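A structural walkthrough
Each chain, letter by letter, is given below.
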Amino acid sequence: MPIITGIVPSPDKPGHVVILVDGVAFATVPEASAADLAPGQSSPGAAEAPPRPPGEGEQKTGAGAQKTYERALRLLSFRARSARELEKRLIEKGEPREHVTAAIQRLCANGLLDDARFAEAKARSGIVGKPRSRRRIEQDLARKGVARDVADAAIRQVMADEGTDELAVAERAARKKLRTLARLDPAAQRQKLYAFLARQGYAPDVVRRALRAVMDVRDAPPPDGEAE
């Protein structure tokens, strides 16, 4: 049975690793997807030995299922995906539904496909990276086929890990946008910022509080006795 002999950083794709099977590159996957794999384990792509020699029809079925599985691995090597998103893409590429179902189940069992881990990575990107509203993150995950309860749990976890909340994320988004509005007068800046945050999916009360935090503090007069 093929054995994993190494897991090394990908020289071409940051954040990805190359899984070596019997000393040969087998697949390139996101680093998080290989967290549960280790050298010495059987290859996630290795088929179990059949209890008896398969007939011609069984051989074709097994070969087709393996082909679908390997195509799924290649798709994951380009970027992480949810189970539903990967399933849809494989079917669009013409893979038989029964082979797709088997491949998805196999990837989930091997730890290479995990909607909770995928959702948390997406939520972290939207909270720590480019600031995005909770609503936008939920919508994005829903489009990718992630269940709402899984998305909610991921967002809560990232918020807790980072010690932040929706208002803090909105304030960061407002400050970033405000830098592009420097040539406008304060009234126009406030109007543009309000519209921008509303379009990003922030609730009206969060938008108003973010504007007060970002603009009112900036425009407040200096304390008595201090030079302007």
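The residue count restarts for each chain, going from 1 along the sequence in the order it is written. The predicted nature of this model means local features are confined to residues of pLDDT at least 70 and side-chain atom pairs, given and counted, to a pLDDT of 80 or more, with totals for whole chains, interfaces and linings taken over all residues. By convention in this description, side-chain values take in all heavy atoms of the structure and omit both hydrogens and water.

Regarding the packing of helix H7 (residues 166-178) against helix H8 (residues 186-199)
- For helices, the fitted line uses only the C-alpha atoms of the stretch in contact; every axis is such a line through C-alpha atoms, and the angle between N-to-C directions lies from 0 to 180 degrees. Starting at the N terminus, helices and strands are each numbered in turn, a helix being any DSSP run of H or I of at least four residues and a strand any DSSP run of E of at least two. Two elements in contact, H7 and H8, have axes separated by 10 Å at closest approach and are oriented at 130°. With respect to H8, the axis of H7 lies oblique. For the pair H7 and H8, the crossing hand works out as right-handed. Contact residues: H7 offers Ala170, Ala173, Ala174, Lys177 and Leu178, while H8 offers Gln189, Leu193, Phe196 and Leu197.
- Under the scheme applied, nonpolar residues are Ala, Val, Leu, Ile, Met, Phe, Trp, Tyr, Cys and Pro; charged residues are Asp, Glu, Lys and Arg; polar residues are all the others, including Gly. Tallied by class, residues from the contact of H7 with H8 come to seven nonpolar, one polar and one charged. Convention used here: angles under 35 degrees read as roughly parallel, angles over 145 as roughly antiparallel, angles from 65 to 115 as roughly perpendicular, and any remaining angle as oblique. Helix crossings fall into two classes, left-handed where the near helix is turned counterclockwise from the far one by less than a right angle and right-handed where it is turned clockwise. Residues are treated as being in contact if the distance between any of their heavy atoms lies within 4.5 Å.

Description of helix H5 (residues 134-143)
- Type-normalised accessible area, obtained with a 1.4 Å probe on protein chains alone, sets the label of each residue: buried when under 20%, exposed when over 50%, and partly exposed for intermediate values. Among all positions in H5, only Ile137, Asp140 and Leu141 are buried. Buried residues in H5, looked at end-on, bunch into an arc of 95°, giving them a common side.
- Summarising the contacts, the buried residues of H5 are in contact with helix H4 (115-129) and helix H6 (148-162).
- Positive backbone phi, approximately 90°, marks Gly145, located one or two places after H5. The arc in question is formed by the directions pointing from the helix axis toward the C-beta atoms.

Here we look at the nonpolar core
- Counting residues in hydrophobic clusters, the biggest one holds 29 residues, and the most contacted among them are Ile127, Leu141, Leu193, Leu197 and Tyr202.
- When contributions to this core are tallied by element, the ones reaching two or more residues are H4, H5, H6, H7, H8 and helix H9 (204-219).
- Residue contacts for Tyr202: discarding those within four places in its chain leaves Pro131, Arg132, Ser133, Glu166, Val169, Ala170, Ala173, Leu197 and Val207.
- Residues grouped as a nonpolar core are buried Ala, Val, Leu, Ile, Met, Phe, Trp, Tyr and Cys residues, joined through side-chain atoms within 4.5 Å. By size, the runner-up hydrophobic cluster in this structure holds 21 residues, among which are Ile4, Val17, Leu37 and Tyr69.

Considering the confidence of the model for the chain
- Per-residue confidence from the prediction method is given by pLDDT, with values spanning 0 to 100. When the pLDDT values of the chain are averaged, the result is 83; 82% of them are 70 or greater.
- The model gives residues 46-51 a pLDDT under 50, and that stretch makes six contacts with residues more than four places away or in other chains.

Focus: the layout of surface pockets
- Using protein atoms alone on a 1 Å grid, points that fit a 1.4 Å probe yet trap it form a cavity, whereas open point sets bounded by protein on both sides within 12 Å along at least five of seven lines form a pocket; residues with an atom within 4 Å of a point count as lining. Grid points are joined across faces, edges and corners, and a volume is the space filled by probe spheres set on the points. Volume-wise, the largest pocket comes out at about 280 Å³.
- Lining the largest pocket are 17 residues, and of these Pro30, Ala80, Arg81, Phe118 and Ala121 sit closest to its centre.
- Considering each element in turn, the lining of the largest pocket owes the most residues, four residues, to H4.
- Looking at the lining of the largest pocket residue by residue, the class counts come to eight nonpolar, two polar and seven charged.

So, the side chain of Glu95
- Take Glu95: it is sitting in the loop between helix H2 (83-92) and helix H3 (97-109).
- A relative accessible area of 6% means that Glu95 is categorised as buried.
- Each polar contact in these results corresponds to two N or O atoms within 3.5 Å; when the atoms are within protein, one needs to be able to donate a hydrogen and the other to accept it, and residues that are neighboring in sequence are counted only if both atoms are side-chain atoms. Among the polar contacts listed, one links the side chain of Glu95 to the side chain of Lys67, at a separation of 2.9 Å.
- Here the side chain of Glu95 touches Thr68 through a polar contact of 2.6 Å, side chain to side chain.
- The residues touching Glu95, leaving out its near neighbours within four places in the chain, are Lys67, Thr68, Arg71, Leu90 and Val100.

A few points about the packing of H4 against H5
- Where H4 meets H5, the axes come as close as 10 Å, and the angle between the chain directions of the two elements is 145°. Pair H4 / H5 crosses with right-handed handedness. Two secondary-structure elements touch here, H4 through Phe118, Ala119, Lys122, Ala123, Gly126 and Ile127 and H5 through Ile137, Asp140 and Leu141.

Structural notes on the packing of aromatic side chains
- Think of it this way: a Phe, Tyr or Trp ring, Trp meaning its six-membered ring, pairs with another when their centres are within 6.5 Å, and the plane angle makes it stacked under 30 degrees, edge-to-face over 60, tilted otherwise. Scanning all chains against the criterion turns up zero aromatic pairs.
- Here, a charge over a ring is recorded when the distance from Lys NZ or Arg CZ to the ring centre is within 6 Å and its angle to the ring normal is within 35 degrees. Lying across the ring of Tyr69, Arg106 places its NZ or CZ 4.0 Å from the centre.

Focus on the pattern of salt bridges
- Here, a salt bridge means any Lys or Arg side-chain nitrogen found within 4 Å of an Asp or Glu carboxyl oxygen. Inspection of the entire model under this criterion finds 12 salt bridges.
- Between Arg143 and Asp140 there is a salt bridge, with the nearest N and O atoms lying 3.7 Å from each other. Of this pair, Arg143 and Asp140 both sit in helix H5, three residues apart, which is roughly one turn of that helix.
- Judged by its relative accessible area of 61%, Arg143 falls in the exposed class.
- By relative accessible area, Asp140 is classed as buried at 14%.
- Each member of the salt-bridge network shares a partner with another, and the members are Glu120, Arg124, Asp161 and Glu162.

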